[in-house]
Amino acid sequence: MTVIALNELSASFNGRRVLGPLSLEVNAGERVALVGKSGAGKSTLLKLAWEHCGPEIALVPQDLGLVPALSVFHNVYMGRVNQRSSWYNALTLLRPFSKDRQAVGTILKRLSIADKQWSPLASLSGGQRQRVAIARAIYQGAGTLIADEPVSALDGPLADKVMALLNEHFNSYLIALHDVDLALRYCDRIVGVADGMIALDEPSSRLSKADILPLY
Ligand SMILES: Nc1ncnc2c1ncn2[C@@H]1O[C@H](COP(=O)(O)OP(=O)(O)OP(=O)(O)O)[C@@H](O)[C@H]1O
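Here the structure is a predicted model, which is why all the values come from computation and not from measurement.

Peer 1: Describe the packing of helix α4 (residues 98–110) against helix α5 (residues 126–140), and please don't skip the residues or the numbers.
Peer 2: Remark: α4 packs on α5, axes separated minimally by 10 Å, with the N-to-C direction vectors making an angle of 125 degrees. By the criterion of interaxial angle, the relationship of α4 to α5 is oblique. As α4 packs across α5, the resulting crossing turns out to be right-handed. Counting all contacts with α4, which are made through D100, A103, V104, I107 and L108, the residues of α5 involved are A135, I138 and Y139.

Peer 1: Describe the UniProt feature "domain: ABC transporter" (unreviewed entry) in the protein, naming the residues involved and giving the relevant values.
Peer 2: UniProt records the feature "domain: ABC transporter" (unreviewed entry) at residues 4–212, using the numbering of this structure. Overall, residues 4–212 shows 38% helix and 25% strand. The separation of its end C-alpha atoms is 23 Å.

Peer 1: Describe the packing of aromatic side chains, listing the residues and the values that go with them.
Peer 2: All chains considered together, the criterion is met by five aromatic pairs. Cluster of aromatic residues (ring-pair linked, three or more members): F73, Y77, W118 and Y139. The positively charged end of R80 is found above the aromatic ring belonging to Y139, 4.5 Å away from the centroid.

Peer 1: Go over unusual backbone geometry, please, and point to the residues and values.
Peer 2: Cis geometry is adopted by the peptide bond preceding P21, which originates at G20 and carries an omega value of 5 degrees. Summarising the element assignment, P21 is placed in strand β2 (residues 16–27).

Peer 1: Any chance you could break down the site of the ligand for me, citing the residues and the numbers?
Peer 2: In the vicinity of the ligand, the contacting residues are F13, R16, V18, K37, S38, G39, A40, G41, K42, S43, T44 and Q62. Notes on the ligand: free accessible area 630 Å², of which the protein chains cover 63%. Residue assignment for the shell around the ligand shows that the elements contributing at least two residues are β2 and α1 (42–53). By residue number, the principal contributor to the shell around the ligand is α1, which donates three residues. When the residues that make up the shell around the ligand are grouped by side-chain class, the tally is three nonpolar, six polar and three charged.

Parameters and conventions
Residues numbered from 1 in each chain as written. Predicted model: local features only at pLDDT ≥ 70, side-chain atom pairs only at ≥ 80, totals over all residues. Heavy atoms only, no water. Axes fitted to C-alpha atoms, helices over the stretch in contact; angles between N-to-C directions. Helix = DSSP H or I, 4+ residues; strand = E, 2+ residues; numbered from the N terminus. Parallel < 35°, antiparallel > 145°, perpendicular 65-115°, else oblique. Left-handed = near helix turned anticlockwise from the far one by under 90°. Contact = heavy atoms within 4.5 Å. UniProt positions renumbered as here; feature names shortened; annotations may be inferred. Phe/Tyr/Trp six-rings, centres within 6.5 Å; stacked < 30°, edge-to-face > 60°. Lys NZ or Arg CZ within 6 Å of the ring centre and 35° of its normal. Near = heavy atom within 4 Å. Areas by Shrake-Rupley, 256 points an atom, 1.4 Å probe, with all protein chains shown as cover. Nonpolar A, V, L, I, M, F, W, Y, C, P; charged D, E, K, R; others polar.

This is the structure:
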């Protein structure tokens with residue numbers, strides 16, 4: 001089964017083509033890293049992919065899409081806001097139900113930010129905010145994830161921990177990663193983008209770092 005299917009996709013800004021035309025499929029069970037240098041077109045590709053295939057696919061956008069005025073809990077809860085009735089959401093805004101507090105707390109604990117559950121998002125660091133956006137995606141409960149550099153603000157051991165958690169929660173994903181070692185370690189397939197086109201598409205098991213570095 002295909003979970004992400006893009007057919008002859010292209011994108012232009014101000015009359016300049018920055019992506020495609022390209023086609024890309026991600027099958028259920030495939031964890032795909034999108035790699036390539038800055039400006040290659042990865043974010044544009046991910047945005048279009050989510051527009052074509054969302055909203056049942058979880059998303060971690062590059063700008064995270066969090067609400068600074070809300071608590072960490074409520075930002076994570078947003079992952080399920082469309083799955084709940086409006087009265088349930090209104091009550092949650094005032095006084096969250098204990099089962100939701102627990103479920104969110106468990107995810108935050110795995111991301112080493114359980115102590116921040118009731119902090120305003122605005123008081124968090126960049127790396128902590130990134131983990132809140134990841135928690136929201138996990139809480140959504142979708143099987144597939146699209147994420148744009150979701151661990152870019154995390155140090156080495158934490159980035160490893162978070163990638164392992166994503167592999168635990170998502171059966172399939174398409175994730176832009178600038179860290180080639182992480183891509184090779186956690187993803188089954190590497191798709192390289194250069195000048196808005198797919199320049200590499202291989203199983204990770206057939207690639208070494210040296211095969212990917214020419215894309216940069
Ligand atoms: N809103 C926009 N208006 C004009 N040009 C844009 C816009 N967004 C992206 N571009 C251009 O499209 C091209 C691809 O950008 P994109 O953000 O997709 O690259 P990227 O590979 O994700 O880069 P990075 O790794 O730095 O995030 C770049 O040349 C960029 O300048």
